[in-house]
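# Survey of secondary and tertiary structure
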Amino acid sequence: VRVGDLPTPALVVDAGALAANLDTMAHALPGARLRPHVKAHKCSELAREQIARGHPGLTVATPREALGLAAADLGTDLLVANQVLDPVRLRALTECGARVTVAVDSDATVAAAVAVGIREVLIDVSVGMPRCGCEPADAARIADRARAAGVAVRGIMGYEGHVVGVPDRAERAAGVAAATEILLAAHAAVGGDVISAGGTTTYDLHTVATEIQAGSYALMDTAYGAFGLPFTVAVGIVATVLHVGARHAVADCGLKALGMDHGDPTIDDADVWFCSDEHVTFASRHPLTVGDRVVVRPAHVDPTIAMHEHLHVAEAVHPDADVLASWPVDLRGWDPPDTRR
Ligand SMILES: Cc1ncc(COP(=O)(O)O)c(C=O)c1O
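The notes below deal with the structure included here. Quick caveat, the model's predicted, so the values are computed rather than measured. (Residues numbered from 1 in each chain as written. Predicted model: local features only at pLDDT ≥ 70, side-chain atom pairs only at ≥ 80, totals over all residues. Heavy atoms only, no water.)

### What to know about the layout of surface pockets
- Of the pockets and cavities examined, the largest pocket occupies roughly 620 Å³.
- Along the walls of the largest pocket sit 34 residues, with K39, M129, R131, Y159 and G161 positioned nearest its centre.
- Among the residues forming the lining of the largest pocket, the class breakdown is 13 nonpolar, 16 polar and five charged. (1 Å grid on protein atoms, 1.4 Å probe; cavity = no way out; pocket = protein on both sides within 12 Å on 5 of 7 lines; lining within 4 Å. Points joined across faces, edges and corners; volume = space filled by probe spheres on them. Nonpolar A, V, L, I, M, F, W, Y, C, P; charged D, E, K, R; others polar.)

### Some details on the site of the ligand
- The ligand sits among H37, K39, R131, Y159, G198, G199, T200, Q213, A214, G215, S216 and Y224.
- Contact between the ligand and Y159: an oxygen atom at 3.4 Å from a side-chain N or O atom of the residue.
- Within the contact set of the ligand, an oxygen atom lies 2.6 Å away from a backbone nitrogen or oxygen of G215.
- Starting from 400 Å² of accessible surface for the ligand in isolation, the protein chains cover 91%.
- The pocket occupied by the ligand, as judged from atoms lying within 2 Å of grid points, is the largest pocket. (Near = heavy atom within 4 Å. Polar contact = N/O pair within 3.5 Å; in protein donor to acceptor, adjacent residues only side chain to side chain. Areas by Shrake-Rupley, 256 points an atom, 1.4 Å probe, with all protein chains shown as cover. Sits in = over half its atoms within 2 Å of the grid points.)

### Let's talk about unusual backbone geometry
- Cis geometry is adopted by the peptide bond preceding P9, which originates at T8 and carries an omega value of 0°.
- Residue position: P9 is located in the segment before strand 1 (10–14).
- Residues other than glycine seldom take positive phi values, yet D73 does so here, at roughly 65°.
- Within the secondary structure, D73 sits in the loop between helix 3 (63–71) and strand 3 (78–80).
- A positive phi angle, near 60°, is found at D269, a position not held by glycine. (Helix = DSSP H or I, 4+ residues; strand = E, 2+ residues; numbered from the N terminus.)

Geometric values such as these leave the question of function open.
Dropping the structure here:
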């Protein structure tokens, strides 16, 4: 099968570029120094490639991702780097056969974990991003509470999400340094072996983190592609041209096939005007015919992936290239997978 024969919109990854991204990161952060974040691809076959490169543990954002990895026999050491209160989903984590560590940042999240028998947690500390994570001064108290309930506290995590989008590397490094001060103090207060932090744009700026939670590096997107990182944009959406007007063309890759929160997608040799539900409207600098295929590059990979059923691995993201494999994006959604099949 050729890429151009796939029904569209088709999510396609360049096998060589993917392998190079995975190899480059495995070289920079070998073994357990990288805990790849699977939320960026939601694909257990891709997670298998990451584990094959020597990273034993994985990061997930949802119980669904952890349960899918466990079902795929990839559950050696899973970190749910997120707060979970739902007792059904939390209990499923204790029954899936994987080693699962859960992030907690409050009495309520500790209580929810304890109630279902979660055995290991990390204390999630805010390092400046207004999202989850306890105040650093509260970390020791929350850790004590978990330990008093018989839960092992493996250490801390603190994701510097407010820093990762800063384009200037020196400014990013300064942001990581400020986060590092907080991580160090929290780690001293909490104890444990793990200091988990970081992402694709800060993977080489951390000095005290024992593991980096990068995920986007595998597939990349146009936003992170502009950062001058040693990872290339490996993924694209192949779309079919549905309409050619006097000044614009339309292809079948709209909002429902693309994460748009980091901006419009790009199309080579064209100016993208806008996206609507099922369409991208653009002006091509070369003539197009209805039925042609174009490659649409997403600005934000994580939400893009979550909209597709398959990740097609091909020799290139090009209509004439051969498809080598079609991996299910099997970790999508929120409901636990049916493991009784
Ligand atoms: C908790 C957490 N860790 C790490 C990351 C890093 O991901 P990326 O590789 O996209 O920078 C994210 C991204 O949002 C995150 O939410």
